[in-house]
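Remarks on the overall topology
Take a look at the letters that make up each chain.
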Amino acid sequence: MVDRLIPEQLKVRTVWISDIHLGYKDCKAEFLLDFLGRVECDTLYLVGDIIDIWSLSQSFHWPASHNQVLRTLLKKARDGVKVIYIPGNHDSVFRDYIGESFGAVEIHENCIHETLDGKRLLIMHGDELDNIIRFSRFTKIVGETAYDFLLFLSRISNKLRQHLGYSYWSLAGYIKARLNNAAQAIECFERAVLDWAAHHNVDGVVCGHIHHPNIRMENGLLYCNDGDWIENCTAMIETRDGKLEILHWSDSRKRVKQLDHIAKAVSSQRPLASESLVSQSPASIQATSAAATSG
Ligand SMILES: [Mn+2]
């Protein structure tokens, strides 16, 4: 377990964020605004489910902080950051605009990111694989209901924690990490993504969708998931010297995962879990079958 302090201001090469779910009541827009205000980058990837059109169509919820997130993203693009938006399943209406730009924000179905050391990573939301994984409709409905209930419990627990002066902590994540079928659903998704990478002739994939941040090597291929801003409050960054890191950013900050040498890891054709992937407290490794089916 490694616990290094994260600076207040970050200057990095690349940032990936996804599953913000603007318009949904559990979106942690304030924490995200704090992160966006403290990070400078050359390229920013918005990896889907940025605006939750599904949720907005059921009940309209649009506080000022959600508007402010959109304004901040557009301002970054105006100020010269290359901002690439890859729509997900909750904002799939924007897939009608693939190939277009909103302001300076480019919209793509997916794209390739070249890392500092020349490795090619496919950037995609991840719902493309839902049809391959084939969860039953029953599993989806139970999953979605259970997930909503867990988020409800998490909301109450965090209000209480805030009142008592404790920092943000996801009760939903804690419970889900201890559910066996949740872990199996995560594993199933990650394997499908790794297969996808192998078939698309890239060195790895960066995705979102299942609300479970992770960096993992398997047979020389890299799986990265930047997490979400519903419960985990995580972003993935590529530092100026080419490291990949997943940062948790709420009223506390920590590195959830990191990978120091992408080129070495990708070319070595072996899992590196024990030597260069660093995971922190068990509570930060969160799993959910519900998110895997409904994210
Ligand atoms: Mn999704």
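Now for a look at the structure at hand.

1. Re the nonpolar core
Of all hydrophobic cores here, the largest spans 61 residues; its most connected members are Val15, Leu46, Val47, Val205, Val206, Leu222 and Ala235. Sort the elements by how many residues they give to this core and helix α7 (residues 180-199) lands first, with seven residues. Apart from residues no more than four positions distant in its own chain, Val206 is found in contact with Trp16, Val47, His113, Leu121, Ile123, Cys224, Asp226 and Met236. Formed by five residues, the second largest nonpolar core is a distinct cluster that contains Ala146, Leu150, Leu171 and Ala172.

2. Let's talk about the pairing of strand β6 (residues 111-114)
The pairing of β6 with strand β7 (residues 120-123) spans four bridges and is classified as antiparallel. Across the sheet, residue Glu114 finds its bridge partner in β7, namely Arg120.

3. A word on helix α3 (residues 64-78)
Every α-helical turn comprises 3.6 residues, leaving residues that sit three or four positions apart pointing alike. Between its first and last C-alpha atoms α3 spans 21 Å; for 15 residues at 1.5 Å apiece the expected length is 21 Å, and the two agree. Inspection of α3 places His66, Val69, Leu73 and Lys76 among the buried residues, and these make up the whole buried set. Burial along α3 is one-sided: seen end-on, the buried residues are contained in an arc of 85 degrees. Set apart from the buried face of α3 by more than 90 degrees, the exposed residues are Ala64, Asn67, Arg71 and Arg78. In this structure, the buried side of α3 is in contact with α1 (29-38), β2 (39-46) and β3 (82-85).

4. Let's talk about α1
Along α1, the positions that sit buried rather than exposed are Ala29, Leu32, Phe35 and Leu36. Each buried residue of α1 lies within a common arc of 120 degrees when the element is viewed along its axis, so the set occupies one face. Buried residues along α1 sit in contact with β2, α3, β11 (234-238) and β12 (244-249).

5. Some points on the environment of Arg191
Within the secondary structure, Arg191 is located in helix α7. Given 14 C-beta atoms within a 10 Å radius, Arg191 is considered partly exposed. Residues Arg191 and Glu218, 27 residues apart in the sequence, show an inter-C-alpha distance of 9.0 Å.

6. Looking at the packing of α1 against α3
Relative orientation of the contacting elements α1 and α3 amounts to 25 degrees, with a least axis distance of 9 Å. Between α1 and α3, the angle is such that the two are roughly parallel. The two elements α1 and α3 meet at a crossing, and its hand is left-handed. For the pair formed by α1 and α3, the contact residues are Ala29, Glu30, Leu32, Leu33 and Leu36 on the first element and Ser65, His66, Gln68, Val69 and Thr72 on the second.

7. Regarding the sheet that holds strand β10 (residues 221-225)
Two modes of strand pairing occur in sheets, parallel and antiparallel, and in both the strands are linked by backbone hydrogen bonds. One open sheet accounts for five strands, arranged β6-β7-β8-β10-β9; its pairing is mixed. Lying at the two open borders of the sheet, with one neighbouring strand each, are β6 and β9 (214-218). Sheet twist, expressed as the average angle between the axes of neighbouring strands with direction ignored, equals 20 degrees. As judged from the five bridges shared by β9 and β10, these two strands associate in the antiparallel manner. Directly across from Met217, in β10, lies its bridge partner Leu222. Contacts between α7 and the sheet are confined to β7, β8 (204-207), β9 and β10, with β10 contributing the most and set at about 130 degrees to the helix.

8. Observations regarding the environment of Trp196
Mapped onto the fold, Trp196 is located in helix α7. Residues Trp196 and Leu129 lie 67 residues apart in sequence; the distance between their C-alpha atoms is 8.6 Å. For Trp196, the contacting residues outside a window of four places in its chain are Leu129 and Val205.

Cut-offs used in this document
Residues numbered from 1 in each chain as written. Predicted model: local features only at pLDDT ≥ 70, side-chain atom pairs only at ≥ 80, totals over all residues. Core = buried A, V, L, I, M, F, W, Y, C linked by C-beta atoms within 7 Å. Buried ≥ 20, exposed ≤ 12 C-beta atoms within 10 Å, placed from the backbone. Helix = DSSP H or I, 4+ residues; strand = E, 2+ residues; numbered from the N terminus. Contact = placed C-beta atoms within 7 Å. Pairing = 2+ DSSP bridges. Expected span 1.5 Å × (residues − 1). Arc of directions from axis to C-beta. Axes fitted to C-alpha atoms, helices over the stretch in contact; angles between N-to-C directions. Parallel < 35°, antiparallel > 145°, perpendicular 65-115°, else oblique. Left-handed = near helix turned anticlockwise from the far one by under 90°.

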